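# Report on the structure
Here is how the chains run, residue by residue.
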Amino acid sequence: MPRLAIALLRHAYTIDPLLPLLLRPCRTLAAAQNELRWLREHVDKLVQARRPVNRKLQQQPKALLRRLAVERASGKPLQYILGTEFFGELELRCQPGVLIPRPETAASVTHLSHLIQNAPALPSELRVLDLCTGTGCIPLLFDHDFSSARSDRRLQLLGVDISDKAIGLAHRNLARVRRWKASAGRGDVDFILADVLSNPFGDQTLDPPCLKAALNFNKKPYFWDIVIANPPYISPSAYWSTTTRSVRGFEPKLALVPPPRPGNNDTEQADYFYPRLLTAARDAEAKIVLLEVADLDQAMRVATMARRIAIFDGIEIWRDQPDQRNESAVGISAEFPVRGQGNARSVLCWRGLGATWLGRGRATKTSRTTRA
Amino acid sequence: MNTMHWICRSCLSRAIRPLFKLRVRWQTTASATESVPPALLARARAVADEHKQLAEKLANGFDTRAAKKLGGYGAIVSALEEWDKANESLAELTSLIHDPTSDPELRELAADDLGATRTSLAKASQNLTTSLVPIHPFAHLPCLMEIRPGAGGSEAAIFAGDLVRMYQAYCNRHNYRSTLLKYENINGTSEAGVPLSEAVLEVNSASAYGVFRCEAGVHRVQRVPATESKGRTHTSAASVLVLPSLEENTSLENDFEDPESDYYIDVNEVKVEVMRAKGAGGQHVNTTDSAVRLTHIPTNTVVSMQDSRSQPKNKEKAWQLLRSRLAQARREKREEEMVALRRSVLGVAKTGRGDKVRTYNWGQQRVTDHRSGATVHDLDDVMDGGQTLDTVMEGVRRWLMEKDVEALIAEEASKK
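In this text the structure is predicted, and so the values were computed from the model without any measurement. (Residues numbered from 1 in each chain as written. Chains lettered and ligands numbered in written order. Predicted model: local features only at pLDDT ≥ 70, side-chain atom pairs only at ≥ 80, totals over all residues. Heavy atoms only, no water.)

### A word on the overall build of chain B
The helix and strand inventory of chain B stands at nine helices and 11 strands. Taking all 416 residues of chain B together, 39% fall into the buried category. For chain B, the accessible surface area stands at approximately 24200 Å², while carbon and sulfur atoms represent 53% of it. (Helix = DSSP H or I, 4+ residues; strand = E, 2+ residues; numbered from the N terminus. Buried < 20%, exposed > 50% of the residue type's maximum accessible area, 1.4 Å probe, protein only. Areas by Shrake-Rupley, 256 points an atom, 1.4 Å probe, with all protein chains shown as cover.)

### Some points on empty space enclosed by the protein
One way to see where empty space is left: roll a probe the size of a water molecule over the atoms. Residue and element names in this part refer to chain A. In total, this model carries one cavity of 30 Å³ or more according to the counting rule given. Taken as a whole, the largest cavity holds about 50 Å³ of empty space. Every residue along the wall of the largest cavity is listed here: T105, S108, V109, I138, I228, A229, N230, L290, L291, E292 and S346. Elements supplying a minimum of two residues to the lining of the largest cavity: α7 (103–117), β6 (226–229) and β7 (288–292). For the lining of the largest cavity, a count of residues per class yields six nonpolar, four polar and one charged. (1 Å grid on protein atoms, 1.4 Å probe; cavity = no way out; pocket = protein on both sides within 12 Å on 5 of 7 lines; lining within 4 Å. Points joined across faces, edges and corners; volume = space filled by probe spheres on them. Nonpolar A, V, L, I, M, F, W, Y, C, P; charged D, E, K, R; others polar.)

### What to know about the sheet that holds strand β10 (residues 341–350) of chain A
All names here are of chain A. What the eight strands build is an open sheet, ordered β5-β4-β3-β6-β7-β10-β8-β9; its pairing is mixed. At either margin of the open sheet sits one strand with a lone partner, and together these are β5 (188–193) and β9 (338–339). Of the strand pairs in this sheet, strand β8 (residues 314–321) and β10 are connected by seven bridges, and their pairing is antiparallel. Each bridged residue has a counterpart across the sheet, and for W318 the counterpart in β10 is S346. Along the sheet, helix α9 (residues 164–179) makes contact with β4 (154–161) and β5, crossing β5 at roughly 165 degrees. Lying over the sheet, helix α14 (residues 273–283) contacts β3 (125–131), β6 and β7, oriented at roughly 165 degrees with respect to β7. (Pairing = 2+ DSSP bridges. Contact = heavy atoms within 4.5 Å. Axes fitted to C-alpha atoms, helices over the stretch in contact; angles between N-to-C directions.)

### Some details on the sheet that holds strand β8 (residues 301–305) of chain B
Residue and element names in this part refer to chain B. Here we have three strands laid out as an open sheet, ordered β6-β7-β8, and antiparallel in their pairing. Pairing within the sheet leaves two strands with one partner each, and these edge strands are β6 (270–274) and β8. The sheet shows a mean angle of 15 degrees between the axes of neighbouring strands, direction not considered. As paired strands, β6 and strand β7 (residues 292–296) are joined by five bridges and run antiparallel to one another. Pairing of K271 across the sheet is with T295, part of β7.

### A look at the packing of helix α2 (residues 38–60) of chain B against helix α3 (residues 64–98) of chain B
Residue and element names in this part refer to chain B. Following both chains from N to C, one finds α2 and α3 inclined at 130 degrees, their axes separated by 8 Å at the closest point. With respect to α3, the axis of α2 lies oblique. Taken as a pair, α2 and α3 cross one another with a handedness that is left-handed. Only A66, A67, K69, L70, Y73, G74, I76, V77, L80, W83 and D84 of α3 make contact with α2, whose side of the interface consists of L41, A44, R45, V47, A48, E50, H51, L54, A55, K57 and L58. For the contact of α2 with α3, a count of residues per class yields 15 nonpolar, two polar and five charged. (Parallel < 35°, antiparallel > 145°, perpendicular 65-115°, else oblique. Left-handed = near helix turned anticlockwise from the far one by under 90°.)

### Regarding the state of the cysteines
Working definition: the covalent bond between the sulfur atoms of two cysteines is a disulfide. In the structure shown here, the tally under the stated rule is zero disulfides over all chains. The thiol of B:C171 is not disulfide-bonded; the next cysteine sulfur, from B:C143, is found 7.8 Å away. (Disulfide = S-S within 2.5 Å.)

### What to know about the pattern of salt bridges
Throughout the structure, instances matching the rule amount to 33 salt bridges over all chains. A:D190 is paired through a salt bridge with A:K220; the nearest N and O atoms lie 3.1 Å apart. Of this pair, A:D190 sits in strand β5 while A:K220 sits in the loop between α10 (211–217) and β6, and the two are 30 residues apart along the sequence. A residue is classified by how much of its surface remains accessible, and A:K220, at 15% relative accessible area, is buried. Across the pair A:R307 and A:E335 runs a salt bridge whose closest N-O atoms are separated by 3.2 Å. With A:R307 in helix α15 (residues 296–308) and A:E335 in the loop between β8 and β9, this residue pair connects regions lying 28 residues apart in the sequence. We classify A:R307 as partly exposed; its relative accessible area is 28%. Several salt bridges converge on common partners, so that one network encompasses B:E146, B:R148, B:K182, B:E184 and B:E198. (Salt bridge = Lys/Arg side-chain N within 4 Å of Asp/Glu carboxyl O.)

### Focus: the packing of aromatic side chains
All names here are of chain B. Counted according to the given criterion, the structure contains six aromatic pairs over all chains. The interplanar angle of 85 degrees and the centroid separation of 6.2 Å between the aromatic rings of Y167 and F212 together place this pair among those described as edge-to-face. Note that Y167 is positioned in helix α5 (residues 153–173) and F212 in helix α6 (residues 208–212), a separation of 45 residues in sequence. Comparing Y167 with F212 shows no difference in burial state: the two are buried. These aromatic residues form a ring-pair network of at least three members: Y167, Y170, Y176 and F212. (Phe/Tyr/Trp six-rings, centres within 6.5 Å; stacked < 30°, edge-to-face > 60°.)

### Section: the nonpolar core
Of all hydrophobic cores here, the largest spans 49 residues; its most connected members are A:L131, A:V160, A:Y274, A:L277, A:L291, A:I315 and A:V347. Element by element, the count of residues in this core is highest for α14(A), at six residues. Contact partners of A:V347, with chain neighbours within four places excluded, come to A:V289, A:L290, A:L291, A:V293, A:A299, A:V302, A:A303, A:I315, A:E316 and A:I317. Judged by nonpolar contacts, the second largest core, of 39 residues, contains B:F159, B:C171, B:V382 and B:L389. (Core = buried A, V, L, I, M, F, W, Y, C linked by side-chain atoms within 4.5 Å.)

### So, the interface of chain B and chain A
Facing the 22 residues of chain B at the interface are 43 residues of chain A. If you sort the residues of chain B by the area they bury against chain A, B:Q283, B:H284 and B:R309 come out on top, with a joint share of 36%. In this assembly, chain B and chain A are joined by one salt bridge. Every element with two or more residues in the side of chain B that touches chain A is listed here: β6 and α7 (311–345) of chain B. Residues belonging to the side of chain B that touches chain A are distributed by class as follows: five nonpolar, 13 polar and four charged. (Buried area = accessible area lost by both parts, 1.4 Å probe.)

Right, here's the structure in full:
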């Protein structure tokens, strides 16, 4: 990271004495000014709150603002300081110990719901399973987006996570979204604790149980129409090289890097979740599977894995903004179609009715011919 | 006896010149040619190709703009088809006539047919040329006519009043709804019979602008005025200003979906950019950057918004801002166009007798339009807004269209 220029710090100080603090994590003046504005709005809201959490501090808004700025300067994510993050149109709570929802995930989920909401042959009840749900952002956003466009279909959504904290937060977020008046979501949303990685045929530990046992125990259906997952996908080496300091220092490693296994190398560890997720999708007889990935290389590896289990009619790769027009075809093999703009972000697989839901009638044929 | 008589020079030159001058107006003479200029033909073919593509596109999904374009091309495509058909039948007939093996009876029949086919081809090519001429963008609108006296004092004011009555009579005869928005005589009152100082006539029927567009300009009168005591003929002028009345479509201002509205933006013309994290993105970073940038490609208008932490909210605000900015630009442009139109019709110094478009001569009972070169002699019928005025106006419209065709040919030729 290049050093901040003294001139820039001085200039920032003349604008606001707190700006140099915020420049440390933000690096650009415009971003720092935005964050300072949001922090100030947050403090104003706290001061006006009817039930103050810390009465003494909230009577001194300046001191409070300074404390928050210092906290931010240490690298703590703004989302943890403010306690919320926007995910699509929803504003969700987030707290240390649970991964902050990312805008790229929101873009993929919104695009998927846009594709499906116009589909002709939807079942009367659409079931969506989200593995590694974290704050519960994906089921809540899908519910909101889909229900605001189609009110004639029932939705059943289930989020699964290994972390107690995440499940608790997801339940609180569900209550928060239901309180929010503009929310269109009316689906049946639930969150359960389960370990996606544990082998149902191996030794059973009940804390947390494997996915199948958890579904059984919570009286949830085995079969799901759509399986979405944003699993940990960062390799240990990338964790130390490409993640930002604020991610490393404050967000849970559990949600970022898959657990190590003896004999696994770096990339194998990064891809550790995907075979399990694909197996879970096969067992759930999912028509559509959307898996988030780190980059184009991992996307190709996951797409190849998906093709190897030979149940999908079509596989494609989505970029950060799948709703935008395609970028120029740089570094793209003809094997899998790549849509949108930005970094490769997710892998979409479908089979059977899923093709008509997504409106991908023709794509099915071409992918079959490439396989043959 | 070889000596010649002396002849004066003017008589000699008279002998060389033809006795009767050939009265031909070269510039304005209509030429009903059988052949369509190749540049225009190429343009028609290009339009037909585009028409086909648009039709295919519309078969897959509706698009307002494409549909409107398609409707505009319909006339050209049908005219081209007709022309092709006529051309083909003419070629067939001539080959039949020139073929020595064909039956003599058949050849005779073909020769009979040839004349009819020739005329139909001429008609078709005329249709094709006129269909290619772009319709004036405001031709479908109602219009406002402003009539003011020019040079010539009170005689000009009296003539301006005559013109107002003439146009009112014309509107009555054609069932155009016309209202006199303003009628002010030289005393500053609206009493009739006193010389006019300004009148604004609104013709509230659709496509009135297309009809009255040709009337704009300075109208010259040559007569012995009622105010003249010594019986001398005066030449005076009155100016007529014709403007499209655009007020109708400003009422739809807030309708985003209507392509006619100022606030309408074609979504395909806007590039949406979301500030995304440099590098890997996804789980690797937890940026708070929610800025959205919209670029309207045709006008290169850029709007960026980063007020809110929520990207969708930023996007919504940015769209709002872009809409109002473009609407503002469009309004300004339209106003500018109106000003330009006013100036082009009537410059400040251009209301003299010399810059006339038409002359009304009482002494010879004649009306001459100086643009089309048409002269009619039933002055009273013209002043009553009768059929003679129709023929004059039609002549001017035809002349305008020929001008447009020439401009089109020049434009097409310069493209290559």
